[in-house]
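# Descriptive analysis of the structure
Each chain, written out:
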Amino acid sequence: MSKKYPNFLGFYLQMYLSLIIFVATKKEEGMDPYRLYIKQTPFDGVSYDYSAPVVDTYTQWGIVCAESPYKRYGEPQNIASRVWFDDDGSDVYIPEYVTSKSYDAEFTFLCVGTESDVKGNVLAFHKYLLGKTGADGGASKGARLLLYDDFNGIGWKDVYLKSFSSEALVMDNGDDEVKLKFKMTFSVNDPVTPITRTVSHGHVTLIVGE
């Protein structure tokens, strides 16, 4: 079976050009590329520690958030019910209010730079999400995360990294830049608490609602 190199190279060229156009357009509009804001938020069983700084993928690691889910709430939890074969319908317990299931949220990221920079930045990002390091490589506050999606204006609480997959590094023949597109899936375990973002004098704060 022959390898379809033209299609492969064309795909990555299109991906790269889309990223360059995307970033350039945002800068022309006086806006930054979309990013994911993240905070490590340990929980001791009683209260949360929100003292860790907020980081964003673009400023911290040069990583653009290319695709993100517009999903605010999870599916309703299963309702307890029984079926009696000598009766119509179901015997259902319907609570005062229906709670929501946890769910997975998949994000697509793009990183462009020298090969060493891309590898180093993606590795540092990955280690941060796993709770192995903190912001700027400092002390970690753990793997329990607070996320805020800059594009959709949606945040999530009690999140952890569930999976990571990446496509091959692609290098341009004319320069030293490489491009890496990768996906990360996060498990969202508080699907209802609203998260908002405020900016004051360049300082970003993530606010946890009720």
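The rules we used
- Residues numbered from 1 in each chain as written.
- Predicted model: local features only at pLDDT ≥ 70, side-chain atom pairs only at ≥ 80, totals over all residues.
- Heavy atoms only, no water.
- Helix = DSSP H or I, 4+ residues; strand = E, 2+ residues; numbered from the N terminus.
- Contact = heavy atoms within 4.5 Å.
- Areas by Shrake-Rupley, 256 points an atom, 1.4 Å probe, with all protein chains shown as cover.
- pLDDT = per-residue confidence, 0-100.
- Polar contact = N/O pair within 3.5 Å; in protein donor to acceptor, adjacent residues only side chain to side chain.
- Salt bridge = Lys/Arg side-chain N within 4 Å of Asp/Glu carboxyl O.
- Buried < 20%, exposed > 50% of the residue type's maximum accessible area, 1.4 Å probe, protein only.

## Section: the overall build of the chain
Broken down by element type, the chain carries three helices and 12 strands. Taking contacts inside the chain between residues at least 6 apart in sequence as the whole, the part at least 24 apart equals 66%. Accessible area of the chain: about 12,600 Å², with a carbon and sulfur share of 52%.

## Here we look at the confidence of the model for the chain
Averaged over the chain, the pLDDT score is 83; the fraction of residues at 70 or greater is 83%. Between residues 1-6, whose pLDDT stays under 50, and residues either more than four places distant or in other chains, the model counts zero contacts. In the predicted structure, residues 16-31 sits below a pLDDT of 50 and forms 18 contacts with residues beyond four places in sequence or in another chain.

## Describing the side chain of K157
Tracing the backbone through its elements, the reader meets K157 in strand 8 (residues 154-166). Side-chain polar atoms of K157 contact the side chain of D190, separated by 3.2 Å. Setting aside chain neighbours within four positions, we find K157 in contact with Y48, Y50, L145, L146, V188, N189, D190, T193, I195 and V208.

## Some details on the environment of G62
Within the secondary structure, G62 is located in the loop between helix 2 (57-61) and strand 3 (63-67). When near neighbours in sequence (up to four residues on either side) are disregarded, G62 contacts T57, L110 and C111.

## Considering the pattern of salt bridges
Applying the stated criterion across every chain, the model contains nine salt bridges. Between R144 and D158 there is a salt bridge, and its shortest N-O distance comes to 2.9 Å. Of this pair, R144 sits in the loop between helix 3 (115-129) and strand 7 (145-149) while D158 sits in strand 8, and the two are 14 residues apart along the sequence. The exposure class assigned to R144 is partly exposed, which follows from its relative accessible area of 31%. In this structure, the salt-bridge partner of R197 is D150, at a minimum N-O distance of 3.3 Å. Of this pair, R197 sits in strand 11 (residues 195-200) while D150 sits in the loop between strand 7 and strand 8, and the two are 47 residues apart along the sequence. Taking relative accessible area as the criterion, R197 reaches 30% and is therefore assigned partly exposed. One network of salt bridges, in which partners are shared, links R144, K157, D158 and D190.

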